[in-house]
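Here is how the chains run, residue by residue.
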Amino acid sequence: NDTVFFGATVGRVANRREKTVANDAKNTIQGGKKGFGHAIWRVAKHRYNGKKPYIVFTYTSPDGDQGFPGGLDVTATYTLVGENQLQLVMEAKAREKATPVNLVHHSYWNLGGHSNGDILSEEIQILGSGYAHVDDNLIPTGKILSVKGTSYDFLKLRPIKDNINEIKLGHGINYCLDGVTNQMRKVVVLVDKKSKRKMELSTDQSGLKFYTGGSLKTMKGKNGSVYKAYSGLCLETQSLSSAISNQYLPSQIVKPGGKYKHTLLFKFSIVP
């Protein structure tokens, strides 16, 4: 019954684009009305002890699923790789036809605790110097603009609430991440001074969608808690190609025998 994709693996293609045969503009941002976030995944294997405990989820999307061509075998592997570090690797292999793929991890984060109010006082740094311009319907225009001098500029650590009222429903834009694509590098730092918790996010992707949960309404959460607007934020690393064009670009297409891979690393620590 979840309608806001708490913790979902979104696919085949996440992000908002013009109406297609597969999806409408409202739902395609999360992979469609019946995207991967509504599928039942199978636990292929797991190890709950040792130095690197892990769990591997698998899902096979059939040919024609949500209008996409060809079958697609998908895995999502969660591993505790070090002290207070969680790695997620999402992979996909096309079967008999070429198909677009842009998988996204859609957890909502609140470093103060899931029932401790909103995230507006948390501080964030996003190492992305550009962002994808969108029209009034939040559809990408293909332009990349500089964040400097805008309310989207989080190149230096600062409170999320800064300029939040200038943006509809909170931040929900796609950043062009600095650094070399396909190489792991730190792209986000998130700090909650009250709890003294810090999270650093690294990825090998070129883009990041930052969403502050402004459209969350009265949602029932864990242990009877109620989540309201800005109760949690999303940091959706992904291919920038999906954010800058209404069409599927070559960089999004996985051919039979080819492989898609997307890696995230979450590192947690305590600040003084």
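Computed from a predicted structure; not experimentally measured.

How would you sum up the overall build of the protein chain? Please name residues and give values.
When you go through the protein chain residue by residue, the secondary structure sums to 1 helix and 20 strands. Its C-alpha radius of gyration of 18 Å places the protein chain within 12% of the 19 Å reference for a compact globule of 272 residues. With respect to the three principal axes, the spread of C-alpha positions in the protein chain is 50 × 50 × 40 Å. Taking contacts inside the protein chain between residues at least 6 apart in sequence as the whole, the part at least 24 apart equals 65%. For the protein chain, the exposed area adds up to about 13,500 Å²; of that, 51% sits on carbon and sulfur atoms.

A description of the side chain of Ser151 should follow, citing residues and the corresponding values.
On the secondary structure map, Ser151 appears in the loop between strand 10 (140–146) and strand 11 (158–159). For Ser151, the residues in contact, after removing those within four places along its chain, are Arg158, Asn163, Glu166, Ile167 and His171.

Describe in detail the sheet that holds strand 14 (residues 197–203), supporting the description with residues and values.
Pairing is antiparallel across the open sheet formed by 9 strands, whose spatial order is 2-3-4-5-20-14-13-8-11. Lying at the two open borders of the sheet, with one neighbouring strand each, are strand 2 (42–47) and strand 11. In terms of strand pairing, strand 8 (residues 123–126) meets strand 11 through 2 bridges, oriented antiparallel. Looking across to strand 11, one finds that Glu123 is bridged to Pro159.

Account for the nonpolar core, with residues named and values stated.
Ranked by internal contacts, the top residues of the largest apolar core, which has 45 residues, are Ile124, Tyr175, Phe210 and Leu235. If you list the elements that add at least two residues to this core, you get strand 4 (72–82), strand 5 (85–94), strand 8, strand 12 (172–177), strand 13 (185–192), strand 14, strand 15 (207–211) and strand 20 (259–270). The residues touching Leu235, leaving out its near neighbours within four places in the chain, are His105, Ser107, Ile124, Val188, Met199, Leu201, Leu208, Lys209 and Phe210.

Just give me the short version of the packing of aromatic side chains, but keep the residues and values in it.
Inspection of the entire model under this criterion finds 11 aromatic pairs. When the centroid spacing of 6.0 Å and the interplanar angle of 80 degrees are considered together, the rings of Phe154 and Phe210 count as edge-to-face. Of this pair, Phe154 sits in the loop between strand 10 and strand 11 while Phe210 is found in strand 15, placing the two residues 56 residues apart along the sequence. Given the relative accessible area of 0%, Phe210 is considered buried. An aromatic cluster is built from Phe6, Tyr108, Tyr211 and Tyr227, whose rings are joined through pairwise contacts.

Please set out the pattern of salt bridges residue by residue, giving values where relevant.
Counted by the stated rule, this structure contains 6 salt bridges. Between Arg95 and Asp73 there is a salt bridge, and its shortest N-O distance comes to 2.9 Å. Of the two residues, Arg95 is situated in the loop between strand 5 and strand 6 (99–100) and Asp73 in strand 4; the sequence distance between them amounts to 22 residues. Given a relative accessible area of 46%, Arg95 falls into the partly exposed group. On the basis of relative accessible area, Asp73 is assigned to the partly exposed category, the value being 28%. The closest approach of N and O atoms between Glu200 and Lys186, which form a salt bridge, is 3.2 Å. With Glu200 in strand 14 and Lys186 in strand 13, this residue pair connects regions lying 14 residues apart in the sequence.

Provide a residue-level description of the sheet that holds strand 12, including the pertinent values.
Spatially, 10-9-12-15-18 is the arrangement adopted by the 5 strands of the open sheet, whose pairing is antiparallel. Each having just a single partner strand, strand 10 and strand 18 (234–238) make up the two edges of the open sheet. Each adjacent strand pair in this sheet contributes to an overall mean axis angle of 30 degrees, direction not counted. Pairing analysis gives 4 bridges linking strand 9 (residues 128–134) to strand 10, with the strands arranged antiparallel. Bridging from a neighbouring strand, Val134 pairs with Pro140 of strand 10.

Which residues make up the environment of Thr181, and what are the values?
Mapped onto the elements, Thr181 comes out in the loop between strand 12 and strand 13. For Thr181, a relative accessible area of 36% corresponds to the partly exposed category. Apart from residues lying up to four places away in sequence, Thr181 is in contact with Asp204, Gln205 and Ser206.

Lay out the pairing of strand 20 with the relevant residues and their values.
Residues in a regular strand project their side chains so that they alternate between the two faces of the sheet. Pairing of strand 5 with strand 20 involves 9 bridges; the strand directions are antiparallel. Residue pairing across strands places Glu91 opposite Lys261, the latter belonging to strand 20. Taken together, the 7 bridges between strand 14 and strand 20 define a ladder with antiparallel strand orientation. Counted as the bridge partner of Ser202 is Leu265 from strand 20.

Quick rundown of the confidence of the model for the protein chain? Include the residues and the values.
Summing up the model confidence of the protein chain, the mean pLDDT is 89 and the portion of residues at 70 or higher is 92%. Between residues 18–28, whose pLDDT stays under 50, and residues either more than four places distant or in other chains, the model counts 25 contacts.

Reading guide: rules and limits
- Residues numbered from 1 in each chain as written.
- Predicted model: local features only at pLDDT ≥ 70, side-chain atom pairs only at ≥ 80, totals over all residues.
- Heavy atoms only, no water.
- Helix = DSSP H or I, 4+ residues; strand = E, 2+ residues; numbered from the N terminus.
- Rg over C-alpha atoms; globule rule 2.2 N^0.38 Å.
- Contact = heavy atoms within 4.5 Å.
- Areas by Shrake-Rupley, 256 points an atom, 1.4 Å probe, with all protein chains shown as cover.
- Pairing = 2+ DSSP bridges.
- Core = buried A, V, L, I, M, F, W, Y, C linked by side-chain atoms within 4.5 Å.
- Buried < 20%, exposed > 50% of the residue type's maximum accessible area, 1.4 Å probe, protein only.
- Phe/Tyr/Trp six-rings, centres within 6.5 Å; stacked < 30°, edge-to-face > 60°.
- Salt bridge = Lys/Arg side-chain N within 4 Å of Asp/Glu carboxyl O.
- Axes fitted to C-alpha atoms, helices over the stretch in contact; angles between N-to-C directions.
- pLDDT = per-residue confidence, 0-100.

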